[in-house]
Amino acid sequence: MPESLLARRTRFLTAITLVLALLVLYGCSGGGGAGSGGGAVRLQGAGATFPNPLYQKWLSEYGKLNSQIRIDYQSIGSGGGIKQIKEQTVDFGASDAPMSDEDLKSAPGQILHIPTVLGAVVLTYNLQGIQQPLRFSPDVVADIFLGKIKRWDDARIKADNANVALPAADISVVHRSDGSGTSAVFTDYLSKVSQEWSAQVGKGTSPKWPVGIGGKGNEGVTGQVKQTPNTIGYVELAYAVQNKLPVALVKNSSGNFVEPSLDAVTAAAAESLATTPEDLRVSITNAGGANAYPIASYTYILAYQDQKDAAKGKALVDFLWWGIHDGERFAKDLQYAPLPAEIVKRAEAKINSITSGGKPLRSQ
Amino acid sequence: MIAPQLERPSPASEYGARARRAPWRSLLFSATGSKGDTIFRAILFGVALLVLLLVASMVAAMASNSMLSIREFGFSFLLGRNWNPIKDDFGALPFIYGTVVSSLIALLIAVPLSLGIAIFLVEQAPARISRPVAFLVEMLAAIPSVVYGLWGIFVLAPFMREYIEPPLARVFGWLPLFQGTITGIGLFTGGVILAIMITPIISAVVRDVLAAVPVSQREAALALGATRWETTRVVLANAASGIAGAIILGLGRAIGETMAVTMVIGNRPQISASLFEPSYTIASVIANEFTEATGDLYLSALVEIGLILFLVTFIVNAVAKLLVWSVTRGTSGTARAA
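**Details of the overall build of chain A**
When helices and strands are tallied, chain A shows 13 helices and 13 strands. The dimensions of chain A, computed from C-alpha atoms along their principal axes, are 80 × 75 × 35 Å. Within chain A, buried positions represent 52% of all 364 residues. Across chain A, contacts joining residues at least 24 apart in sequence account for 73% of those joining residues at least 6 apart. For chain A, the computed accessible surface area is about 15900 Å², with 54% contributed by carbon and sulfur atoms.

In structure tokens, the structure reads:
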């Protein structure tokens, strides 16, 4: 009968509503309980996506040691990280590229750059039947991405790869389509090694690429390269290692062809110490040194030197201190290059300089 | 059908007269004067108003956030072909072109396909086939677009490169549309993946529309000696405005689609005669560049391009509605059945 059917349906709906209401109530009380646990400090961070796996690992490890401190990190991109720290909507920001002078000037307070780890960008390609890794000189890389070297059997590519049977085929270039720190590092490198690149394209997270098609994210570039013969693209070192992509050796400024590896990246940072300024905002692409891999960069956490809330500031300072010391040991497993010892020292000085109401927070 | 004017005074027509004197009253006070009806009406009115407010506030927010870019570039933003965040030079034309053309390709493929599916399911297939097929088609509509995107890179793009684009280039190569390097990535593949994504939506709605056409119409046609095909044409004519609505719904999704398209369209802001060349859409460039955009002018330009997407959607929908109106005007009596 229709009535009984209706009644049954109504009862069913009521039951579902009750269950949902209970769930919501349970969720609320759970959330409230965690927040009100005896003077717990909550920190909010946001920014770069590249170091996100490492930062999440840090948060969970640090959370085990300090149950009183709860830190959240949202990987919304470096641009968002810079924007939010400037607007003071987060306690710390994160960015792959250091902030520009302009950005620093327009911020309401002095922002410090604390380097956490290093990353690298590698060239990957799809050439069938070629086993040994390709070798590239800087000018060749620039001219491929400028569209001036159009074919794989170009004499200049052959010059560096004498024993490789390069195909007589057009080169298809793949680049990132999304704004990305990876693109920023790569174009920073190309701007240093090629005047023409510097003049025509420049460096940035979303450059106007002279040639090629865009893939979204590391996975998009990798997908495009894997699926299309005779392509070349660039991805993060960590991504290339985890997915066992073929990677090229790149000639560094000392004239050595260097295979991208975590040690070669840390070496690039160590070799750049002389040129690293006091505020640690530095580009380490095209670094000198025999073993330095030339396409690498720091990634930074951004924090105000003067913290408004002493309790929060203290928690942040302790977390940063732990990160650049104990946290570094998680870096290699996740394919990030740890900081060289000298940079750790200089980052320590930065962390020590963070104050609240004129009092240093670290020595408390 | 349009109700004939009633001579006898009724509560409804009195109410109508009152509504004409003060139109806003008809929105707030019910015809019957019952309290419950009034409250119900007020709630509905509020909900409807909320939609308007939402749209208005979105437009206002986008307009105010894009002021910087609007002042800097003015009208040339619409016609500019350069998009260079490093040099702070922005033009939206390649993105508008990519959005409109990829959506058109999608419609050209999806509309005949969806109509075919819907007609088959409603008019031809026995229930034991049509139910599971209809279920599958509707399930396709629920697949997240990023999944379509990854499938696009790994399956569709190579398939287009090997089997679809080379024959097209051989047969229609004399047209500029089908010239150029074949990579499987580009405007054409972007259009095809959009077509695949909007087909389930259009066919599901058209199926419901066709099913709503009274059986008496079919019986009448058959009784007059019409063939199956002729009967279907009668049903289609009855459902014309509903079908048009379904197509507009699909078009709306195609224009706004982001993830799947960006995976296969090549993301290159250029206007090329060839459909095989990479292109870019408005929704994709916003999704791609917004998170890492620093610099006020850059952000402002991205917001302005969002505003343009809003306008493009509005114009396309308006044109579609006009088209529907001009097509169904002659058959207004029957078109309302849907």
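After that view of the structure, there is still more to cover.
**Things to note about the layout of surface pockets**
Volume-wise, the largest pocket comes out at about 1400 Å³. Lining the largest pocket are 46 residues; nearest its centre among them are Pro-98, Met-99, Ser-100 and Asp-103 of chain A together with Thr-294 of chain B. Looking at the lining of the largest pocket, the elements with two or more residues in it are helix H3 (78-86), helix H4 (101-106), helix H7 (181-193) and strand E11 (296-304) of chain A together with helix H15 (296-328) of chain B. The element best represented in the lining of the largest pocket is H15 of chain B, accounting for 6 residues. For the lining of the largest pocket, the per-class residue count stands at 18 nonpolar, 16 polar and 12 charged. Roughly 640 Å³ of internal volume is contained in the second largest pocket. Lining the second largest pocket are 26 residues, with Ile-171, Ser-172 and Val-173 of chain A together with Thr-181 and Thr-183 of chain B sitting closest to its centre. Residue composition of the lining of the second largest pocket, by class: 12 nonpolar, 9 polar and 5 charged.

**Concerning the side chain of Thr-182 of chain A**
Residues and elements named next belong to chain A. Looking at the secondary structure, you find Thr-182 in helix H7. Looking at Thr-182, the relative accessible area reads 5%, which means it is buried. At a separation of 3.4 Å, a polar atom in the side chain of Thr-182 contacts the side chain of Glu-236. Residues in contact with Thr-182, not counting those within four places in the same chain, are Val-121, Arg-176, Tyr-234, Val-235 and Glu-236.

**Focus on the interface of chain A and chain B**
Between chain A and chain B, the contact holds 37 residues from the first and 29 residues from the second. Counting the surface lost from both chain A and chain B, the interface buries some 2500 Å², and carbon and sulfur atoms represent 50% of this. In terms of surface lost to chain B, no three residues of chain A exceed Lys-208, Lys-216 and Gln-227 of chain A, which account for 25% of the buried area on that side. There are 0 salt bridges connecting chain A and chain B.

**Let's talk about the domain arrangement of chain B**
Domain annotation for chain B reports domain 1 (11-52) and domain 2 (69-328). The centre of domain 1 of chain B, based on its C-alpha atoms, is set 39 Å off from the matching centre of domain 2 of chain B.

**Some thoughts on the sheet that holds strand E9 (residues 249-251) of chain A**
Residue and element names in this part refer to chain A. The 3 strands are arranged E5-E9-E10 in an open sheet whose pairing can be described as mixed. If you trace the sheet from one side to the other, it starts and ends with strand E5 (135-136) and strand E10 (257-258), each paired once. Taken together, the 2 bridges between E5 and E9 define a ladder with parallel strand orientation. Residue pairing for E9: Phe-136 is matched across the bridge by Val-250.

**Some thoughts on the packing of aromatic side chains**
Using the criterion set out here, one finds 28 aromatic pairs over all chains in the structure. Ring centres 5.0 Å apart and planes at 75° place the aromatic pair Trp-83 of chain B and Phe-95 of chain B in the edge-to-face group. You can see Trp-83 of chain B sitting in strand E1 (residues 83-84) and its partner Phe-95 of chain B sitting in helix H6 (residues 93-124), a full 12 residues away along the chain. Both residues of the pair, Trp-83 of chain B and Phe-95 of chain B, count as buried. An angle of 40° between the planes, with centres 5.9 Å apart, marks the rings of Phe-172 of chain B and Phe-178 of chain B as tilted. Classification of Phe-172 of chain B as partly exposed rests on a relative accessible area of 35%. Members of the aromatic cluster, each reached through a chain of ring pairs, are Tyr-55, Trp-58, Tyr-62, Tyr-73, Phe-92, Phe-319, Trp-322 and Phe-330 of chain A. Note that Arg-362 of chain A overlies the ring of Trp-321 of chain A, its terminal NZ or CZ placed 4.2 Å from the centroid.

**A short note on the environment of Leu-59 of chain A**
All names here are of chain A. Counting through the fold element by element, Leu-59 comes out in helix H2 (residues 52-65). Take Leu-59: its relative accessible area is 13%, and that puts it in the buried class. In this structure Leu-59 touches Ile-71, Asp-72, Tyr-73 and Phe-319, once residues within four positions along its chain are discounted.

**Observations concerning the environment of Ala-48 of chain A**
All names here are of chain A. Within the secondary structure, Ala-48 sits in the loop between strand E1 (41-47) and H2. Here Ala-48 falls in the buried class, since its relative accessible area comes to 0%. When the C-alpha positions of Ala-48 and Gly-81 are compared, they lie 6.5 Å apart, and in sequence the two are 33 residues distant.

**Quick word on the pattern of salt bridges**
Residue and element names in this part refer to chain A. Summed over all chains, the structure comprises 24 salt bridges over all chains. We note a salt bridge from Asp-143 to Lys-148, for which the minimum N-O separation is 4.0 Å. The salt bridge partner of Lys-314 is Asp-318, with a shortest N-O separation of 3.4 Å. Residue Lys-314 and its partner Asp-318 are both found in helix H12 (residues 310-325); the two are separated by 4 residues, about one turn of the helix. When salt bridges that share partners are traced, they join Asp-139, Asp-143, Lys-148, Arg-156 and Glu-196 into one network.

**Examining the domain arrangement of chain A**
Residue and element names in this part refer to chain A. Segmenting chain A into domains produces domain 1 (41-118 + 299-360) and domain 2 (120-296). The interface is formed by 24 residues belonging to domain 1 together with 20 residues belonging to domain 2. Overall, the association of domain 1 and domain 2 removes approximately 1900 Å² of surface from exposure, summing both partners, and the carbon and sulfur fraction of that is 64%. Area buried by domain 1 at its contact with domain 2 is led by Leu-118, Gln-335 and Arg-346, which between them contribute 31% of it. At the boundary of domain 1 with domain 2, the tally comes to 3 salt bridges. Between Lys-350 and Glu-278 there is a salt bridge; the shortest N-O distance is 3.1 Å. For the pair domain 1 and domain 2, the interface holds 9 residue pairs in polar contact (both at pLDDT 80 or more). Those elements that place two or more of their residues in the side of domain 1 that touches domain 2 are H4, strand E4 (111-126) and helix H13 (341-352). Ranked by residues supplied to the side of domain 1 that touches domain 2, first place goes to H13 with 5 residues.

**Comments concerning the confidence of the model for chain B**
Residue and element names in this part refer to chain B. With 87% of its residues at a pLDDT of at least 70, chain B reaches an overall mean of 86. The model gives residues 1-9 a pLDDT under 50, and that stretch makes 2 contacts with residues more than four places away or in other chains. Throughout residues 332-338 the model reports pLDDT below 50, and contacts reaching past four residues in sequence, or to other chains, amount to 13 contacts. Among the prediction metrics, the complex's ipTM stands at 0.75, with pTM recorded as 0.81.

Reading the values: the criteria
- Residues numbered from 1 in each chain as written.
- Chains lettered and ligands numbered in written order.
- Predicted model: local features only at pLDDT ≥ 70, side-chain atom pairs only at ≥ 80, totals over all residues.
- Heavy atoms only, no water.
- Helix = DSSP H or I, 4+ residues; strand = E, 2+ residues; numbered from the N terminus.
- Buried < 20%, exposed > 50% of the residue type's maximum accessible area, 1.4 Å probe, protein only.
- Contact = heavy atoms within 4.5 Å.
- Areas by Shrake-Rupley, 256 points an atom, 1.4 Å probe, with all protein chains shown as cover.
- 1 Å grid on protein atoms, 1.4 Å probe; cavity = no way out; pocket = protein on both sides within 12 Å on 5 of 7 lines; lining within 4 Å.
- Points joined across faces, edges and corners; volume = space filled by probe spheres on them.
- Nonpolar A, V, L, I, M, F, W, Y, C, P; charged D, E, K, R; others polar.
- Polar contact = N/O pair within 3.5 Å; in protein donor to acceptor, adjacent residues only side chain to side chain.
- Buried area = accessible area lost by both parts, 1.4 Å probe.
- Salt bridge = Lys/Arg side-chain N within 4 Å of Asp/Glu carboxyl O.
- Domains from an automatic or database assignment.
- Pairing = 2+ DSSP bridges.
- Phe/Tyr/Trp six-rings, centres within 6.5 Å; stacked < 30°, edge-to-face > 60°.
- Lys NZ or Arg CZ within 6 Å of the ring centre and 35° of its normal.
- pLDDT = per-residue confidence, 0-100.

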